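Notes for the structure review
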Amino acid sequence: MGRVFVGILSIAKNEQIYANTRANPRVRRMLTPPPLSPIRADMNAPDPKPAAGPAPKVGFISLGCPKALVDSERIITRLRAEGYAIAGDYHGADVVVVNTCGFLNSAKQESLEAIGEALNQNGRVIVTGCMGVEEERIRAEHPGVMAVTGPHQYEEVMGAIHDALPRPHDPFMDLVPAAGIRLTPRHYAYLKISEGCNNACSFCIIPALRGRLASREAGDVMREAERLVAAGVQELLVISQDTSAYGLDIKYAPSNWNGTPLKAKFFDLAQALGSLGVWVRLHYVYPYPHVDDVIPLMADARVLPYLDIPFQHASPSVLRAMRRPAHQEKTLERIARWREICPELAIRSSFVVGFPGEREEDFEFLLDWLKQARLTRVGCFRYEDVEGAAASALQGHVPQAVKDERFTRLMETQKEISADILGRRVGKELEVIVDEVDAEGAIARSAWDAPEIDGCVFLNGATGLAPGDKLAVRVEHADEYDLWAAPAEEAPAERGDAS
């Protein structure tokens, strides 16, 4: 996938990781930073000699998943807090930071290409992110990089930038929004609750890249969420490597939030977030037994009826080889119970086809499981080796042509399921949030649709809306991926503050 410097950011995703039921997923369009307001910066930060003249400019390229995007937001917030400007292209930048992805070999290659492009176009490049753990490889291919740091090493990145570009002024009083610099539209934001992962899936190297689970205090998470809501955010997308494991590493220790103790537990945090009066969407939820506890919150409209659960496969033998739970029949029973409690529940998942040792009967088992599970949104990617992952050494690697054929069959199977599920929404009324408005109308999303990866609700002719608006609509048409609807009333049910 190509990279384009847009506003303050270039962003690209590995297409296989983010493959979706949509044939042509929308390209992310980044916004320039919001208007600035005074905020006190970190008084304990090191203070390199101030630079004279105009503010130095830093270019930024961010690759990979929403968790990496949050890392980029935090670095850019620090940069703006210290008086740096953000360049809109390579030639306007005094230095370029490349936030890399290292999840798959193809993602690593894309990261290396992005580094090379930045070196060719600018020449002064600092590398950070997941692939930063492979500094020797990066420097072997691109010896001209100025510095290499690993994932979520914010202080190291800032130190490298300070070395390359001295800070422009005394940072004790600066201009950044209280919610920080965000790279998403104003009406939604990602809320990262932890780093790292304790699982040992054979196809994944995330624990080696980002370490073991490290949860934030619940009070700290809630204070960030409150700042985001106060800044006009209408939807919080909760992310981590393993959201439902939140708090395990700190023994669910309570922390202060508005004068009361709040435990660092998945349910407690979801309940607290649900009290803020905005949409709360849960991503990367590993299906531990206690996930059952949040379903009533969804039924009560405290949290969106949406679960992003990466099941990965259904065949017991493949799941064992992946080092994933292999109780697919119990999973189907749990999904049925969840839907009894919350009939509007949408489940998104992703699956791997062509995993080493996957036989035709394993794949057929997966297709049958999908037909029974009737998941609302499904993504798929073809297995590929990842350097350092245990699965690379497994026997029975599947030929690429077979992977491609199975990918197509899975997506065609899911298209039929999705078309039937969405077709049943025609004639029904639902609430949507508006993402974009142009001369033809508005593009919105329902509770079933996460930004960038799921479907849309098209409101043709509804030009009087604004991004962040929430309104009731009646569905008029559906296809395999999207809905078409009309406002149920003349005015929005709720208007988002996107100013």
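Model, not experiment: these values are computed from the prediction. (Residues numbered from 1 in each chain as written. Predicted model: local features only at pLDDT ≥ 70, side-chain atom pairs only at ≥ 80, totals over all residues. Heavy atoms only, no water.)

1. Regarding the overall build of the protein
For the protein, the count of helices and strands is twelve helices and 23 strands. Across the protein, every contact between residues at least 6 apart in sequence was considered, and the portion connecting residues at least 24 apart equals 75%. (Helix = DSSP H or I, 4+ residues; strand = E, 2+ residues; numbered from the N terminus. Contact = heavy atoms within 4.5 Å.)

2. Describing the pattern of salt bridges
Summed over the entire model, instances satisfying the criterion amount to 29 salt bridges. We note a salt bridge from Arg74 to Glu195, for which the minimum N-O separation is 4.0 Å. Remark: Glu195 occurs in strand β10 (residues 194-195) and Arg74 occurs in helix α1 (residues 66-81); sequence separation between them is 121 residues. Exposure remark for Glu195: the relative accessible area of 11% places this residue in the buried category. Salt-bridge contacts for Glu134 lead to Arg137; the nearest nitrogen and oxygen are separated by 3.5 Å. A relative accessible area of 18% means that Glu134 is categorised as buried. Salt bridges sharing common partners tie together Glu358, Glu360, Glu364, Glu405, Arg406 and Arg409. (Salt bridge = Lys/Arg side-chain N within 4 Å of Asp/Glu carboxyl O. Buried < 20%, exposed > 50% of the residue type's maximum accessible area, 1.4 Å probe, protein only.)

3. A short note on the confidence of the model for the protein
Of all residues in the protein, 84% have pLDDT values of 70 or greater, and the mean over the chain is 83. In the model, residues 1-52 has pLDDT below 50 throughout and makes 155 contacts with residues more than four positions away in sequence or in other chains. (pLDDT = per-residue confidence, 0-100.)

4. Side note on the sheet that holds strand β22 (residues 470-478)
Taken in spatial order, the five strands close into a barrel running β19-β20-β21-β23-β22, and their pairing is mixed. This sheet shows a mean twist of 50° between the axes of neighbouring strands, independent of strand direction. Pairing analysis gives four bridges linking strand β20 (residues 441-446) to strand β21 (residues 457-460), with the strands arranged antiparallel. Across the sheet, residue Gly441 finds its bridge partner in β21, namely Asn460. (Pairing = 2+ DSSP bridges. Axes fitted to C-alpha atoms, helices over the stretch in contact; angles between N-to-C directions.)

5. Section: the pairing of strand β15 (residues 279-282)
Of the two faces of β15, the one carrying Trp279 and Arg281 and the one carrying Val280 and Leu282 are both buried. Bridging between strand β12 (residues 235-239) and β15 involves four bridges; their strand directions are parallel. For Leu237, the partnering residue across the bridge sits in β15 and is Arg281.

6. Focus: the packing of helix α6 (residues 218-230) against helix α7 (residues 266-273)
For the pair α6 and α7, the least separation of the axes is 11 Å and the interaxial angle reads 25°. It follows from the interaxial angle that α6 and α7 lie roughly parallel. Note that α6 runs across α7; the crossing there is right-handed. Residues Ala218, Val221, Met222 and Ala225 of α6 touch α7, and the partners they reach there are Leu269, Ala272 and Leu273. When its residues are assigned to classes, the contact of α6 with α7 shows seven nonpolar, no polar and no charged. (Parallel < 35°, antiparallel > 145°, perpendicular 65-115°, else oblique. Left-handed = near helix turned anticlockwise from the far one by under 90°. Nonpolar A, V, L, I, M, F, W, Y, C, P; charged D, E, K, R; others polar.)

7. Overview of unusual backbone geometry
In this structure, Arg323 is a non-glycine residue whose phi angle is positive, near 65°. Residue Arg323 is classed as partly exposed on the basis of its relative accessible area of 49%. Backbone geometry at Glu452 places phi at a positive 80°, although glycine is not the residue there. Here Glu452 shows up in the loop between β20 and β21.

8. A few points about the nonpolar core
Residues Leu273, Leu307, Trp369, Leu375, Leu410 and Leu459 are the most contacted members of the largest nonpolar core, which totals 82 residues. Here Leu459 is in contact with Val432, Glu440, Gly441, Ala442, Ala444, Leu465, Leu471, Val473, Ala485 and Ala486, once residues within four sequence places are set aside. Within the second largest apolar cluster, 40 residues are counted, among which are Ala93, Phe103, Cys201 and Ile206. (Core = buried A, V, L, I, M, F, W, Y, C linked by side-chain atoms within 4.5 Å.)

9. Points about helix α12 (residues 400-423)
The first and last C-alpha atoms of α12 sit 34 Å apart over 24 residues, in line with the 34 Å expected at 1.5 Å per residue. Here α12 has its buried residues at Lys403, Arg406, Phe407, Leu410, Met411, Thr413, Gln414, Ile417, Ser418, Ile421 and Leu422. (Expected span 1.5 Å × (residues − 1).)

10. Some remarks on the packing of α1 against helix α4 (residues 154-164)
Running from N to C, α1 and α4 point in directions that differ by 45°, and their axes come no closer than 10 Å. Classified by the angle their axes make, α1 and α4 are oblique. For the pair α1 and α4, the crossing hand works out as right-handed. Contacts between α1 and α4 pair Asp71, Arg74, Ile75, Arg78 and Leu79 from the former with Tyr154, Glu155, Val157, Met158 and Ile161 from the latter. Residues that form the contact of α1 with α4 fall into these classes: six nonpolar, no polar and four charged.

11. Section: the packing of aromatic side chains
Within this structure, the stated rule accounts for seven aromatic pairs. Measuring from centroid to centroid gives 5.2 Å for Phe355 and Tyr383, while their planes differ by 75°, and the two rings are edge-to-face. Of the two residues, Phe355 is situated in the loop between β17 (346-353) and α11 (360-373) and Tyr383 in the loop between β18 (377-382) and α12; the sequence distance between them amounts to 28 residues. Taken as a pair, Phe355 and Tyr383 share a single burial class, namely buried. The ring of Tyr252 carries the charged tip of Lys265 above its face, separated from the ring centre by 5.4 Å. (Phe/Tyr/Trp six-rings, centres within 6.5 Å; stacked < 30°, edge-to-face > 60°. Lys NZ or Arg CZ within 6 Å of the ring centre and 35° of its normal.)

12. Structural notes on the side chain of Arg377
Residue placement: Arg377 occurs in strand β18. Of the residues examined, Arg377 reaches a relative accessible area of 3% and is grouped as buried. Here the side chain of Arg377 touches Asp449 through a polar contact of 2.3 Å, side chain to side chain. Residues within four places of Arg377 in sequence aside, it is in contact with Ile347, Arg348, Ser349, Ser418, Leu422, Trp448, Asp449, Asp454, Gly455 and Tyr481. (Polar contact = N/O pair within 3.5 Å; in protein donor to acceptor, adjacent residues only side chain to side chain.)

13. Focus: the environment of Val238
Relative to the assigned elements, Val238 resides in strand β12. The buried category is assigned to Val238, whose relative accessible area is 2%. On a C-alpha basis, the gap between Val238 and Leu191 in space is 4.8 Å, while along the polypeptide they are 47 residues apart. In this view, Val238 contacts Leu191, Ile193, Thr243, Leu273, Val280, Arg281, Leu282 and His283; residues no more than four positions away in its chain are not counted.

14. With respect to the pairing of strand β3 (residues 57-63)
Burial runs high along β3: six of the seven residues are buried. By the bridge criterion, two bridges tie β3 to strand β4 (residues 85-86) in an arrangement that is parallel. Within β4, the position partnered with Lys57 by the bridge is Ala85. For the handedness criterion, the β-α-β arrangement of β3, α1 and β4 is classed as right-handed. Pairing between β3 and strand β5 (residues 95-100): five bridges, direction parallel. The residue of β5 that forms the bridge with Gly59 is Val96. (Right-handed = clockwise from strand over helix to strand, strands pointing away.)

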